[in-house]
Amino acid sequence: MAMTPEQEKAYVELAQKGDVDAFNMLVEQHQRLAVNLAARLLGDLGLGEDATQNAFMSAYRGLSGFRGGNFRSWLLRIVANACHDIRRSSGRRPTASLDDEDLGLVAVLRSPQESPEDHAIRMELQREIQRGISTLAEDQKLALILVDVQGFGYQEVAEVLNANLGTVKSRLSRARSALRDHMLKRRELLPAGLRLDTEDG
Amino acid sequence: MFGIKRENHQRMRDNLSAYVDGELTLAIRAGVEGHLEGCAECRVELASLRSLVSLLHQVPEIEPRRSFALSAAPVPSRPGLVLPWALRTAAMATGVVLIAVFSADLVGVLPGDQSGIGVAPVPTTSQATVMLQETPEATGLPELEFAQRDSGEPGLETTSPIAEADEAPPSMAAAADGSTAASLPEAGKGDPVALPTEVSTGQEPAEPLPSPTQLVQFVPEAPLDDALEDASNGYLPAIEGSLAALLAGTGGAYLFLTIRRRRGKGLG
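Reference entry: report on the structure contained in this document.

Rules and cut-offs
- Residues numbered from 1 in each chain as written.
- Chains lettered and ligands numbered in written order.
- Predicted model: local features only at pLDDT ≥ 70, side-chain atom pairs only at ≥ 80, totals over all residues.
- Heavy atoms only, no water.
- Helix = DSSP H or I, 4+ residues; strand = E, 2+ residues; numbered from the N terminus.
- Buried < 20%, exposed > 50% of the residue type's maximum accessible area, 1.4 Å probe, protein only.
- Contact = heavy atoms within 4.5 Å.
- Areas by Shrake-Rupley, 256 points an atom, 1.4 Å probe, with all protein chains shown as cover.
- Buried area = accessible area lost by both parts, 1.4 Å probe.
- Salt bridge = Lys/Arg side-chain N within 4 Å of Asp/Glu carboxyl O.
- Polar contact = N/O pair within 3.5 Å; in protein donor to acceptor, adjacent residues only side chain to side chain.

## Focus: the overall build of chain A
Phase 1: Check the secondary structure of chain A and you find 9 helices and 0 strands.
Phase 2: Written out in order from the N terminus, the α and β elements of chain A read α-α-α-α-α-α-α-α-α.
Phase 3: Residue burial in chain A is summarised as follows: out of 201 residues, 54% are buried.
Phase 4: A separation of at least 24 residues holds for 61% of the contacts in chain A among residues at least 6 apart in sequence.

Written as structure tokens, this is what we have:
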């Protein structure tokens with residue numbers, strides 16, 4: 001159940017006065033997006049959940065610093081910072097090794113007409129995409145996840161990144177080029193008819 | 001020349017990427033579309049970008065496995081404080097134990113100290129009496145000095161032999177240096193055989209316990225002395241070493257975690 005901007009503003013104001021229940025309404029509203037972003041940024045579902053929890057706690061403590069505007073962008077910037085913090089403290093390299101614990105990142109439902117082999121290939125494709133995302137620079141990764149996975153517009157991404165539109169455009173373009181190069185190394189996983197090659201013929 | 005070309009190429013790539021998303025202004029969009037009509041390479045690039053974007057749109061959404069709502073209780077200032085707090089407590093407890101052990105060692109409560117003998121190895125009254133009777137010839141000079149001193153202080157005789165025995169291990173005190181003897185100017189000219197004779201006779205039922213100094217007198221040559229030396233050479237240093245190592249390890253771990261936590265706090 002989506003929250004209207006007016007409702008969100010009212011909950012934010014209540015939360016700023018210390019109302020935890022009001023803040024939890026905001027948590028319920030944004031936690032799915034937050035954990036998706038965090039898990040993709042970190043390439044690890046468990047660490048993503050930790051980062052999300054840390055981000056919500058930081059957001060609650062820092063609510064007095066929110067001066068209005070887009071609450072979701074403000075919150076996602078905190079999530080991105082929490083991911084950065086967790087990566088540093090955990091010492092985890094942003095490599096692309098995905099174990100069974102990370103299957104939540106690549107799980108795809110098997111359609112009735114899909115063979116087990118095709119489903120396994122699709123799973124491996126998702127795993128390869130996540131590996132490719134994990135190899136990107138942090139700012140590129142953030143832009144790519146927000147735009148291509150979460151469907152954000154450039155303006156809101158610019159707010160999250162605290163950058164201008166030109167920077168968003170450039171980072172996203174570079175992220176896409178790098179990810180495309182990564183995926184071309186596993187072109188056998190790509191769906192039939194999908195052309196990632198940049199060379200004609 | 002090539003740098004300008006490369007820069008223009010990158011700019012066109014950026015524009016094509018934004019073109020896919022519909023994020024270009026009308027003017028730039030018109031320019032890109034005009035370029036695409038005459039550039040096959042950019043048309044391939046555009047098709048490739050669209051394929052990639054469609055692939056990424058199929059990335060499954062993660063279902064949250066739990067709620068991230070905060071409890072009504074005060075929010076902890078920092079996640080992961082449990083371990084440092086436990087380490088801090090452990091370090092404090094270890095420090096207290098270590099100080100207690102060293103303090104006890106200094107005042108001579110523990111066995112093996114050169115200024116005192118321990119409680120545990122002190123024999124019972126009957127054992128001491130037997131020892132006394134079996135070793136009447138144990139009359140070395142240091143022992144004599146202590147025996148003579150103590151025999152001149154009647155108040156000591158009413159106290160527990162164990163408590164008194166804690167005061168002075170004759171052999172160790174005398175063997176260590178002259179400081180112990182020098183601190184006892186009244187020590188000196190007693191008859192070493194007089195006390196053993198008194199104890200061994202046991203003629204006074206009202207006073208069943210031998211004087212502590214009589215026990216002390218025969219400790220040096222008795223098997224008890226070997227036990228004390230063993231304790232001094234192996235048991236106590238081992239305890240102290242272990243506690244010191246534990247304290248150092250705990251403190252080091254706490255310091256490491258604290259530094260790492262503060263370093264992480266400064267980021268983001």
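## Some remarks on the overall build of chain B
Phase 1: The number of helices and strands found in chain B is 12 helices and 0 strands.
Phase 2: Ordered by position from the N terminus, the helices and strands of chain B form the series α-α-α-α-α-α-α-α-α-α-α-α.
Phase 3: Sorting the 268 residues of chain B into buried and exposed places 37% on the buried side.
Phase 4: Surface summary for chain B: the accessible area is close to 15300 Å², and the carbon and sulfur share equals 61%.

## Quick look at the interface of chain B and chain A
Accessible area lost when the parts come together is the quantity often used to give the size of an interface.
Phase 1: Between chain B and chain A, the contact holds 46 residues from the first and 60 residues from the second.
Phase 2: When the buried area of chain B at its contact with chain A is split by residue, Ile62, Phe68 and Leu70 of chain B rank highest and sum to 17% of it.
Phase 3: The salt bridge involving arginine 32 of chain A is made with glutamate 63 of chain B; its shortest N-O contact spans 2.6 Å.
Phase 4: On inspection of chain B and its partner chain A, the count reaches 19 residue pairs in polar contact (both at pLDDT 80 or more).
Phase 5: Breaking the side of chain B that touches chain A down by element, the ones donating at least two residues are helix H1 (2–21), helix H3 (40–57) and helix H12 (223–265) of chain B.

Keep in mind these numbers describe shape, not what the thing actually does.
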